[in-house]
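Tertiary structure, described
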Amino acid sequence: LSTIGYAESKNGVDFYHRRPLFAPEYPWEQFGCEDPRITKLGNKYFIFYTALSNWPPAPADIKIGVAVTTDFLRIEKHQVTDFNSKAMALFPQKIKGKMVGILTVNTDLPPAKIALAFFDNSSQIWEKEFWHRWLLKLSDYVLPLQRSEKDQVEVGAPPLKTKNGWLLLYSYIRNYLSPPSQFGVEAVLLDLTNPLKIIGRTPEPILVPNEEYEVYGRVGNVVFPSGAFIKNEKVYLYYGA
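Structure report, in brief. (Residues numbered from 1 in each chain as written. Predicted model: local features only at pLDDT ≥ 70, side-chain atom pairs only at ≥ 80, totals over all residues. Heavy atoms only, no water.)

1. Overview of the nonpolar core
- Membership of the largest hydrophobic core comes to 22 residues, with the highest contact counts inside it found for Phe46, Phe48, Trp131 and Trp134.
- Those residues in contact with tryptophan 131, other than ones at most four positions away along the chain, are Val80, Thr81, Phe83, Met88, Leu103, Ala117, Phe119, Gln124 and Ile125.
- Core analysis: the second largest hydrophobic core is formed by 18 residues, Ala87, Phe91, Ile102 and Leu116 among them. (Core = buried A, V, L, I, M, F, W, Y, C linked by side-chain atoms within 4.5 Å. Buried < 20%, exposed > 50% of the residue type's maximum accessible area, 1.4 Å probe, protein only. Contact = heavy atoms within 4.5 Å.)

2. Regarding helix 1 (residues 128-136)
- Restricting attention to buried positions, one finds in helix 1 the residues Phe130, Trp131 and Trp134. On an axial view of helix 1, the arc spanned by its buried residues comes to 90 degrees, and they lie on one face. Opposite its buried face, helix 1 presents the exposed residues Lys128 and Leu136, each directed more than 90 degrees away.
- Looking at the buried side of helix 1, the elements it contacts are strand 7 (85-90), strand 8 (99-105) and strand 9 (113-119). (Helix = DSSP H or I, 4+ residues; strand = E, 2+ residues; numbered from the N terminus. Arc of directions from axis to C-beta.)

3. Focus on the sheet that holds strand 5 (residues 62-69)
- With antiparallel pairing, 4 strands are arranged side by side in an open sheet as 3-4-5-6. Only two strands of the sheet have a single partner each, and these edge strands are strand 3 (33-41) and strand 6 (75-79). Pairwise comparison of adjacent strand axes, ignoring direction, gives a mean angle of 25 degrees for this sheet.
- Note: strand 5 against strand 6, 5 bridges, orientation antiparallel. The residue bridging valine 68 from the neighbouring strand is glutamate 76, located in strand 6. (Pairing = 2+ DSSP bridges. Axes fitted to C-alpha atoms, helices over the stretch in contact; angles between N-to-C directions.)

4. Some points on the packing of aromatic side chains
- Under the counting rule described, the total for this entry stands at 16 aromatic pairs.
- Relative to tyrosine 141, the ring of tryptophan 134 lies with its centre 6.0 Å away and its plane at 10 degrees, an arrangement referred to as stacked.
- Assessed through its relative accessible area of 3%, tryptophan 134 is described here as buried.
- Taking the relative accessible area as the measure of exposure, tyrosine 141 reaches 21% and is therefore partly exposed.
- An aromatic cluster is built from Phe83, Phe118, Phe119, Phe130, Trp131, Trp134 and Tyr141, whose rings are joined through pairwise contacts.
- One Lys or Arg, arginine 147, reaches over the ring of tyrosine 172 and ends 4.8 Å from the middle of that ring. (Phe/Tyr/Trp six-rings, centres within 6.5 Å; stacked < 30°, edge-to-face > 60°. Lys NZ or Arg CZ within 6 Å of the ring centre and 35° of its normal.)

5. Some points on the pairing of strand 1 (residues 4-9)
- Across 5 bridges, strand 1 lies against strand 2 (residues 15-22) in antiparallel orientation. Counterpart to glutamate 8 in the pairing with strand 2 is tyrosine 16.
- What sits between the antiparallel neighbours strand 1 and strand 2 is a turn of 5 residues, in which glycine 12 has the positive phi angle 80 degrees.

6. Digging into the sheet that holds strand 7
- Taken together, 3 strands build an open sheet; the order of strands is 7-8-9 and the sheet is antiparallel. Each edge of the open sheet carries a strand with a single partner, namely strand 7 and strand 9. Averaged over all pairs of adjacent strands, the angle between their axes in this sheet comes to 25 degrees, without regard to strand direction.
- Note that strand 7 and strand 8 share 4 bridges and pair antiparallel. Opposite alanine 89, over in strand 8, you have isoleucine 102 as the bridge partner.
- Taken strand by strand, helix 1 contacts strand 7, strand 8 and strand 9, and its axis lies near 130 degrees from that of strand 9.

7. Remarks on the side chain of glutamine 124
- Structurally, glutamine 124 is set in the loop between strand 9 and helix 1.
- There is a polar contact of 2.6 Å between the side chain of glutamine 124 and the backbone nitrogen of aspartate 120.
- Setting aside residues no more than four positions away along its own chain, glutamine 124 makes contact with Phe118, Phe119, Phe130, Trp131 and Arg133. (Polar contact = N/O pair within 3.5 Å; in protein donor to acceptor, adjacent residues only side chain to side chain.)

8. Quick notes on a nonpolar patch on the surface
- Side chains of Phe15, Phe229, Tyr236 and Tyr238 sit close together on the surface and give an oily, nonpolar patch of about 340 Å² of accessible area.
- Assignment of secondary structure puts phenylalanine 15 in strand 2.
- On the accessibility criterion, phenylalanine 15 (35% relative accessible area) is partly exposed. (Patch = residues over 30% accessible without salt bridge, like charges linked within 9 Å, V, L, I, M, F, W, Y side chains within 5 Å. Areas by Shrake-Rupley, 256 points an atom, 1.4 Å probe, with all protein chains shown as cover. Salt bridge = Lys/Arg side-chain N within 4 Å of Asp/Glu carboxyl O.)

9. Considering the pattern of salt bridges
- Considering all chains together, one arrives at 9 salt bridges under this definition.
- Here glutamate 127 and arginine 133 are joined by a salt bridge, their closest N and O atoms 3.9 Å apart.
- Here arginine 133 falls in the partly exposed class, since its relative accessible area comes to 41%.
- Each of Glu25, Glu29 and Lys77 takes part in salt bridges that share partners, so that together they form one network.

Put into structure tokens, the structure is as follows:
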């Protein structure tokens, strides 16, 4: 049963005080909480995660949840989507007065799509009617990142602000539907005031499996981005292998 944990670090490499943060408690997440992506906006931390409502999960059982906290002690949880989706994150500041989310739709009903959502306030993030309206206009919010319908895309780390645009590091899996597939990490730069506008993107992966711990394992040949930060003009990327 997957749960979400919490640990501390002074240098981003050595972690201590590992402990549980939250676990499944509602029907829509009763079989697992996993793949957290965290953003601080104002005085709140928004932790988006994949919520599993059945096991083994069918596409309809894989949705997005969010845990909201200010102190990592009191946590408020909400179901975000009621359709097949995962890998959601929040931009770390408002854009033109709106909170902006980025998520992956139809991850288990490919072709998956990475899309943006614009919220007037935080409660709209888990408002069913908002998402019903949003789905009707999904094509207006999709970032066209797929080169082939055989490939798979998925949001990786929450967006990073740079002077030139929003940097999104995301998963690009070539030949996902016709193995052998190749996992890679790619990058796209989005306009600071209109993140639906793509300024530029990498034509090839910037990271692929080549280390022994990336190539060999129960699930081999995987690198998958999940968190990142910028320090002294360097990007530090955390990824699953």
